[in-house]
Amino acid sequence: MKLPTLLFICVVAGIFQSTAKPVSTATITGEPFVWNSLTFSFEGPKASETEDTFLNHRLSVSFSKDGDIYEVPGYFAADGNAGHSHAMDGNIWRAKFTPPKPGVWTYQATLVYGDKVAIDASAEGEMRSLSPASGTFEVYPQAPQLEEKDFRTKGRLQYVGKRYLQFAGSGQYFLKGGAGSPENFLAFDGFDGTWDAAQNPEFPSLGEDQLHHFGPHRKDWKDGDPKWSSETNKDNKGIIGMINYLSEQGVNSMYFMPLTLEGDGCDVWPWISPEDDTAYDVSKLAQWEQLFQHMQDNGIFLNILLTETENESLFEVREGDCNFADSRKLYYREMIARFGHHLALNWNLGEENGWNDEKGDIIGRGNTSEQRHLFIDFIRELDPYNHAITVHEIEMVDIYTDLLGKKAFNGPSLQRHEHYNAIVQEWIQKSEQAGHPWIVSMDEPLGWEYGLKPDADDPEHDIPRQEVLWGTTMAGGAGVDWYFGWQNNAPTSDLSSEDMRVRENMWKQTKVALDFFNTHIPFAEMEADNPLLSHEEGYVLAKPNEHYLVYLKEGKPSQLNLSDAKGSFQVFWFNPRTGGELQTGSVKKVDAGDWAILGTPPSNPERDWAVLLKR
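Cut-offs and rules
Residues numbered from 1 in each chain as written. Predicted model: local features only at pLDDT ≥ 70, side-chain atom pairs only at ≥ 80, totals over all residues. Heavy atoms only, no water. Helix = DSSP H or I, 4+ residues; strand = E, 2+ residues; numbered from the N terminus. Rg over C-alpha atoms; globule rule 2.2 N^0.38 Å. Buried < 20%, exposed > 50% of the residue type's maximum accessible area, 1.4 Å probe, protein only. Areas by Shrake-Rupley, 256 points an atom, 1.4 Å probe, with all protein chains shown as cover. Lys, Arg positive; Asp, Glu negative; His and termini not counted. Charge placed at Lys NZ, Arg CZ, Asp CG, Glu CD. Contact = heavy atoms within 4.5 Å. Pairing = 2+ DSSP bridges. Axes fitted to C-alpha atoms, helices over the stretch in contact; angles between N-to-C directions. Right-handed = clockwise from strand over helix to strand, strands pointing away. Phe/Tyr/Trp six-rings, centres within 6.5 Å; stacked < 30°, edge-to-face > 60°. Lys NZ or Arg CZ within 6 Å of the ring centre and 35° of its normal. Salt bridge = Lys/Arg side-chain N within 4 Å of Asp/Glu carboxyl O. Expected span 1.5 Å × (residues − 1).

S.K.: Help me out: how do you make sense of the overall build of the protein chain in this one?
M.R.: Scanning the protein chain for helices and strands turns up nine helices and 28 strands. For the protein chain, the C-alpha radius of gyration of 25 Å lies close to 25 Å, the compact-globule estimate for 615 residues. Overall size of the protein chain, expressed as C-alpha extent along the three principal axes, is 85 × 55 × 50 Å. Looking at the protein chain residue by residue over its 615 residues, the buried ones come to 60%. As presented, the protein chain carries roughly 23100 Å² of accessible surface, and 47% of it is formed by carbon and sulfur atoms. Side-chain charges of the protein chain comprise 53 positive and 92 negative groups, with the mean position of each set lying 7 Å from the other.

Now the structure itself:
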């Protein structure tokens, strides 16, 4: 039975004390189930986006139960309804908490005012009127009537010392197959305070209006979906409909940037103005939150790239070439406070991080190794949910070697143009040798020029499927986000993309691979072992003596070395192009103890096939 949405008042400790100060209360909204986000709203001092609100206030809420304590950073929420009212000021202060287990929880909140207290947890300041606010609330077991793809049915994704993130509730391991474009996904005309700060001459066909509308996806919006309108009366149907479409195609990840200022798009920032990086746009961020929640409800992981290569040192340059700018610390805090409650995300330090193109200005100025360590440690300390921290790189610069063995860091977000299987194996092996296994994903494959081409230009997608998708997963990689390139015709390139249907063939092939791995093999327990195959035109993933998965780029006669195995194995064939049931080929069973002949596939021996051997 579905319980009604929780809405109650918790009276703060000290309400019965004699005091002239106003007593604050917290309003808690949300369904009180495990893995469902609850919103705690406090009445406090009135503030505005245009004042020193963000840097000089620190709202912290401590949630505890049975010795488990979550120190959650809070944020300024204007009137509490800014996503719809477009309010810039108000007296509502908020924190979001996603409880991991049922029972009675306790919370206690403090709001401190003082110079830069938001970025220094130890800094003392003046206690504001909502403090101390405390109370208890009860959480019930997992909500019923949720779709299987909803992350609330699985729990929070967490790093567990393996090559894959694992859902804390279901125990499943996560293998992603997602959209890596448009990277300026949030440059949408239905968000408050969003405009193109520098119309890009690369896309003259778009004219002066270079924001996204996602018009082809308006028809995918459904009754009951989130609804808001921007301050310019543009609605949200295009972007919500796009998420619906991707989810229906089995896409489970989205790569995007909340900051593209000075970058390729120059059209996404979280502030009220591109020039003021300490004044956050509360209504815009509230609208982003509605989008992100819809993505989570529809099983789409948030691959959040916090900076772009052109702006990765923007904060430090603006503050006089410092090493770790106060404005960056505030940026991290605001992102974690507002969005860290979501179950499935990672904090990616930035796109093509560390690359210096020697222009000598903000653009191309790369972060240093020392900075990456500082940034990682700051995020790890602040994030109460311990989300994975990654970083994206460009092939010409090695930023990963210096991060090997760092416990707070969880793995590379690779940009590569070839040799996908070998490169993923290389970084997995290096990280394991350093004593801290990494989650290795391929997040910008196939080259910056074209990336994943539209179906009209490459309907079969043989190279993306064989080399990238199966090459990455067969290496033990954590998955792929597909990048759309810069030189495809508008509107099908990275920044110009409006219709995700133009790559539907690849979404289907990606889903085929994910479904196979999740259904037929214990992939988290298997290791890449290509030398077991008799030739080089394929890959092997094995759990010795139990499961062997062979991927053949052509279904030509092959042998698998089972010299160290025992017993016999059934042989099944799987079509990676169209999916379907496991099939049988010319050989149905092989004996271990020697090289085993796999036989021929059930059809199309000139095409690629996956061969599964089960003990």
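S.K.: I'm lost on the environment of Thr 39 in this one. Help?
M.R.: With respect to the helices, strands and loops of the structure, Thr 39 is situated in strand β3 (residues 38-48). A relative accessible area of 9% places Thr 39 in the buried class. Apart from the residues within four sequence positions on either side, Thr 39 is in contact with Thr 27, Ile 28, Thr 29, Arg 94, Ala 95 and Lys 96.

S.K.: Explain the sheet that holds strand β23 (residues 547-552) here, please?
M.R.: Whether parallel or antiparallel, the strands of a sheet pair through hydrogen bonds between backbone atoms. Taken in spatial order, the six strands of this open sheet run β21-β22-β23-β28-β25-β26, and their pairing is antiparallel. Pairing within the sheet leaves two strands with one partner each, and these edge strands are β21 (527-528) and β26 (589-591). Bridge count for β23 against strand β28 (residues 609-614) is six bridges, and the pairing is antiparallel. What sits directly across from Val 550, in β28, is Val 611. Here helix α8 (residues 462-473) sits on the sheet in contact with β22 (538-543), β23, β25 (568-574) and β28, set at roughly 15° to β22.

S.K.: Where do I start with the pairing of strand β18 (residues 411-414) in this structure?
M.R.: Each regular strand carries side chains that alternate between the two faces of the sheet. Bridging between strand β17 (residues 388-392) and β18 involves three bridges; their strand directions are parallel. Among the inter-strand pairings, Thr 390 is bridged to a residue of β18, identified as Gly 411. With two bridges joining them, β18 and strand β19 (residues 441-442) adopt parallel strand pairing. Bridge pairing in β19 links Ser 413 to Ser 441. Of the crossover connections in this fold, the one passing from β18 over helix α7 (residues 420-433) to the parallel β19 is right-handed.

S.K.: Mind showing me how you'd approach the packing of aromatic side chains here?
M.R.: Each aromatic ring pair is characterised by the separation of its centres together with the angle its planes make. Inspection of the entire model under this criterion finds 51 aromatic pairs. Here Tyr 400 and Trp 427 contribute two aromatic rings whose centre-to-centre distance is 5.5 Å and whose plane-to-plane angle is 75°, an arrangement assigned as edge-to-face. In this pair, Tyr 400 sits in the loop between β17 and β18 while Trp 427 sits in helix α7, placing the two residues 27 residues apart along the sequence. Aromatic rings pair up to connect Phe 40, Phe 42, Phe 63, Tyr 70, Phe 97, Trp 105, Tyr 107, Phe 137 and Tyr 385 into one cluster. The ring of Tyr 450 has Lys 453 lying over it, and the distance from NZ or CZ to the ring centre is 5.1 Å. Above the plane of the ring of Trp 609 lies Arg 577, whose end atom (NZ or CZ) is 5.3 Å from the centre.

S.K.: Please clarify how the pattern of salt bridges should be interpreted in this entry.
M.R.: Opposite charge on two side chains makes pairing possible when the charged atoms of those side chains draw close. With the rule as written, the count across this model stands at 30 salt bridges. A salt bridge links Arg 128 to Glu 126; the nearest nitrogen and oxygen atoms lie 4.0 Å apart. The exposure class of Arg 128 is partly exposed, given its relative accessible area of 22%. The residue Asp 515 makes a salt bridge to Lys 511 at a minimum N-O spacing of 2.6 Å. Of the two residues, Asp 515 and Lys 511 are both situated in helix α9 (residues 504-520); the distance of four residues between them amounts to about one turn of the helix.

S.K.: Where do I start with α8 in this structure?
M.R.: Count 3.6 residues to each turn of an α-helix, and residues three or four apart come out pointing the same way. An ideal rise of 1.5 Å per residue puts 16 Å on 12 residues; α8 measures up with 16 Å between its terminal C-alpha atoms. Burial within α8 is extensive, with nine of its 12 residues counted as buried.

S.K.: I keep staring at unusual backbone geometry and nothing clicks. Help me out?
M.R.: Glycine aside, residues mostly have negative phi, and peptide bonds are mostly found in the trans state. Put simply, Ser 181 and Pro 182 share a cis peptide bond, and its omega is -5°. One can find Pro 182 in the loop between β13 (176-179) and α2 (237-248). Residue Pro 491 follows Ala 490 across a cis peptide bond; omega there is 5°. With respect to the helices and strands, the residue Pro 491 is situated in the loop between β20 (479-482) and α9. Even without a glycine there, the phi angle at His 86 is positive, about 65°. As for its position among the elements, His 86 is in the loop between α1 (82-85) and β7 (89-97). Classification of His 86 by relative accessible area gives partly exposed; the value is 24%. Phi angles above zero are rare outside glycine, and His 419 is one such case at about 55°.

S.K.: I'm lost on the pairing of β17 in this one. Help?
M.R.: The element β17 is largely enclosed, with a buried count of five among its five residues. Residues Ala 388, Thr 390 and His 392 point to one face of β17 and Ile 389 and Val 391 to the other, with burial holding for every one of them. Bridging between strand β16 (residues 345-348) and β17 involves three bridges; their strand directions are parallel. By the bridge assignment for β17, Trp 347 is matched with Ile 389.

S.K.: Would you explain the side chain of Glu 289 in this entry?
M.R.: Note that Glu 289 resides in helix α3 (residues 282-297). Here Glu 289 occupies a buried position and makes no salt bridge, while the nearest side chain of opposite charge, Lys 96, is found at 4.2 Å. With sequence-adjacent residues up to four places away left out, Glu 289 is seen in contact with Lys 96, Arg 338, Phe 339, His 341 and His 342.

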